[in-house]
Amino acid sequence: IATDLSKAFIASVMEHAPLAVHVFDHFHVVKLMNDAIDKLRSRMYHEEKDLNRRKVIKGMRWLLLCNGKDIYDDKHKERLENALAMNKPLAQAYYLKESMREIWMQVTKTHAESFLDEWIRQARSTKVSLIEKVANTIAAYRSGILAWYDCHISTAKVEGINNKIKVLKRNAYGFRDDKYFELRLY
């Protein structure tokens, strides 16, 4: 069973399917780190007194949250590197986020376990409270993250279908006839 990290989902799986392999979707695990980076960036912007440094941090959200491999423009790469060079905690968080994706690219589960343990150690060693919190959360959900190596499943298809249903409903501004809505879903 693949779910996000919601305690309600975890409790439901434990109650209704205790023998199932419970996999935590990697998108939601990476999202934990993205949320922490965004909070850290926002906090650093508000704490920064130098206006020039604030300007550098201001427009960095997209660059910090997208995959590093997806930044093709040299201008954007240089801007990201300048912001990271200025701000050690933000740089640590960014590089940890980028390396986190490697957890699901290991050859075996054993390699993934050692990589994940090392990642958690590095995250805790940053002494940045938001990153330490993410590391502790990931350590708590370690078995579900590594379960991906037992069953290569995710929630991507289900979430895609749910999104299409929401878009269909929003575009229709509400259906008066439930049967017609059901037909549209099919």
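None of the values given here were measured: they were computed from a predicted structure.

How should I be thinking about the nonpolar core in this particular structure?
Taken as a class, soluble globular proteins show a tendency for nonpolar side chains to be buried jointly. By size, the foremost hydrophobic cluster in this structure holds 44 residues, and its most contacted members are M33, M100, W119 and I138. The set of elements that each furnish at least two residues to this core consists of β2 (23-24), α2 (26-47), α4 (61-65), α5 (74-86), α6 (88-100), α7 (109-125), α8 (129-140) and α9 (142-146). Among the elements that take part in this core, α2 stands out by supplying seven residues, more than any other. Those residues within four positions of W119 in sequence are excluded, and the remaining contacts are M33, L96, S99, M100, V134, A135 and I138.

Mind showing me how you'd approach the packing of α6 against α7 here?
How two helices pack is summed up by the angle between their axes together with the distance between the axes. It is at 11 Å that the axes of α6 and α7 come closest, and there the two elements cross at 170 degrees. Classified by the angle their axes make, α6 and α7 are roughly antiparallel. On the side of α6, the interface is formed by L96, S99 and M100, while α7 contributes F115, W119, Q122 and A123. Tallied by class, residues from the contact of α6 with α7 come to five nonpolar, two polar and no charged.

Got a minute to help me understand α8 in this structure?
An α-helical segment advances 3.6 residues per turn. Residues three or four places apart therefore align on the same side. Taking 1.5 Å of rise per residue, 12 residues should cover 16 Å, and α8 covers 16 Å from first to last C-alpha, within 8% of that figure. Among the residues of α8, those classed as buried are L130, I131, V134, A135 and I138. Seen end-on, α8 carries its buried residues on one side only, within an arc spanning 140 degrees. Among the exposed residues of α8, those oriented more than 90 degrees off its buried face are K133 and A140. Buried residues in α8 make contact with α2, α6, α7 and α9.

Conventions we followed
- Residues numbered from 1 in each chain as written.
- Predicted model: local features only at pLDDT ≥ 70, side-chain atom pairs only at ≥ 80, totals over all residues.
- Heavy atoms only, no water.
- Core = buried A, V, L, I, M, F, W, Y, C linked by side-chain atoms within 4.5 Å.
- Buried < 20%, exposed > 50% of the residue type's maximum accessible area, 1.4 Å probe, protein only.
- Helix = DSSP H or I, 4+ residues; strand = E, 2+ residues; numbered from the N terminus.
- Contact = heavy atoms within 4.5 Å.
- Axes fitted to C-alpha atoms, helices over the stretch in contact; angles between N-to-C directions.
- Parallel < 35°, antiparallel > 145°, perpendicular 65-115°, else oblique.
- Nonpolar A, V, L, I, M, F, W, Y, C, P; charged D, E, K, R; others polar.
- Expected span 1.5 Å × (residues − 1).
- Arc of directions from axis to C-beta.

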